[in-house]
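# Coordinate analysis (summary)
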Amino acid sequence: MSQATWTAVDRLIASTLDQPDEVLLAARAASSEAGLPEIAVSPAQGKLLHLLARSLGARSILEVGTLGGYSAIWLARALPEGGRMVSLELDPSHAEVARANLARAGLGDRVDVRVGPALEGLTALAAEAGPAFDLAFIDADRPHGPAYFERAVGLTRRGGLVVVDNVVRGGLVADDTGDDPGARDSRRLWEAAGADPRVSATVVQTVGMKGYDGFLLALVLGSAS
Ligand code: SAH
Ligand code: DHB
Ligand code: MG
């Protein structure tokens, strides 16, 4: 089995299980046109995030790493009337593309894209004492992964989920020579999740058009602090 097979199957998942979606296609095209890196979640991964949010009955969603808003559209579409989403993004030009894509998706009023370093955004959210999040999706820079995780768990309600993208990295995570900085960052995140009494976690390995990678899924057991 190879990348070509994984990509073909990923396309089949999207074409079989969902109707073609002009809004999502337009968001990808606009992001690409604006020169953003093509690293958004795949359609199948976006659908998974959407279904997780719906199965949690999510009214409040946190994202770390907006890029062009592709995953944000999938997630925000799971929200009921009156639901809200906050998405944190470092790069103002990414945020601008995302806001335009979200507006075109009719979600502009539901998603608050905040520009700045996510660590600062998470600190601000903790100080705001708003309602706890039902779902947090972490998909930004890897070195801060453990810090984002630590804070996201604190902002998420009991019974909520914290999902982290890109935690397997083509299997590099299991290479214990410690030579790959990204692999070391992933391992630190896994260890943080395994040692954190507030959560019960697993890692789902994935293949698809984005290669071989994985999601960490952590169920929050304790209440938001
Ligand atoms: N979730 C998006 C993809 C995110 S790509 C999707 O699937 O559609 C990662 C994003 O994290 C990039 O836009 C990058 O600019 C942003 N990022 C990197 N470092 C960051 C930081 N310190 N704080 C906030 N965002 C950051
Ligand atoms: C990269 C980042 C991601 O979030 C992703 O899903 C895939 C690749 C990257 O920085 O290369
Ligand atoms: Mg990612």
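Shown above is the structure to which this text applies.
Below: a short report on this structure. (Residues numbered from 1 in each chain as written. Chains lettered and ligands numbered in written order. Predicted model: local features only at pLDDT ≥ 70, side-chain atom pairs only at ≥ 80, totals over all residues. Heavy atoms only, no water.)

## Notes on unusual backbone geometry
This is how the line gets drawn: For each residue, the accessible area found with a 1.4 Å probe, counting protein chains only, is set against the maximum for its type, and the residue is called buried under 20%, exposed over 50%, and partly exposed in between. Strands here are runs of E lasting at least two residues and helices are runs of H or I lasting at least four, both read from the DSSP assignment and numbered beginning at the N terminus.
The backbone phi angle of Leu67 is positive, close to 50°, even though this residue is not glycine. Residue classification places Leu67 among the buried residues on the basis of a relative accessible area of 14%. Within the chain, Ala129 stands out as a residue other than glycine whose phi angle is a positive 50°. Inspection of the secondary structure puts Ala129 in the loop between helix 6 (118-128) and strand 4 (133-138).

## With respect to the site of ligand 1
The test is simple: Here a residue counts as near a molecule or strand whenever at least one of its heavy atoms sits within 4 Å of it. N or O atoms closer than or at 3.5 Å make up a polar contact, with two conditions inside protein: a donor-capable atom paired with an acceptor-capable one, and, for residues adjacent in sequence, both atoms drawn from side chains. Per-residue and other accessible areas were derived by the Shrake-Rupley procedure at a 1.4 Å probe size, with only the shown protein chains allowed to occlude residues.
Contacts to ligand 1 come from 21 residues, most closely from Gly65, Ser71, Glu89, His94 and Asp139. In this structure, Gly65 approaches ligand 1 through a main-chain N or O atom, which is 2.8 Å from a nitrogen atom. A distance of 3.2 Å separates a nitrogen atom of ligand 1 from a polar atom in the side chain of Asp141. Here ligand 1 has 580 Å² of accessible area as a free molecule, and 89% of this is covered by the chains.

## Focus: helix 2 (residues 22-33)
Note the cut-off: Residue count minus one, scaled by 1.5 Å, sets the expected span of a helix. Directions from the helix axis toward the C-beta atoms define the arc. Note on contacts: a residue pair qualifies if any of its non-hydrogen atoms lie within 4.5 Å across the two residues.
Here helix 2 contains 12 residues, and its C-alpha end-to-end distance of 16 Å stays within 8% of the 16 Å for a straight helix at 1.5 Å per residue. All of the buried residues in helix 2 are Leu24, Ala27 and Ser31. Taken around the axis of helix 2, the buried residues stretch over an arc of 55°, which confines them to a single face. Residues Glu22, Leu25 and Glu33 are exposed on helix 2 and point more than 90 degrees away from its buried face. On the buried face of helix 2, the contacting elements are helix 4 (70-76) and helix 5 (92-104). Near the N-terminus of helix 2, the side chain that reaches the backbone nitrogen of Val23, with its oxygen 3.1 Å away, is that of Asp21.

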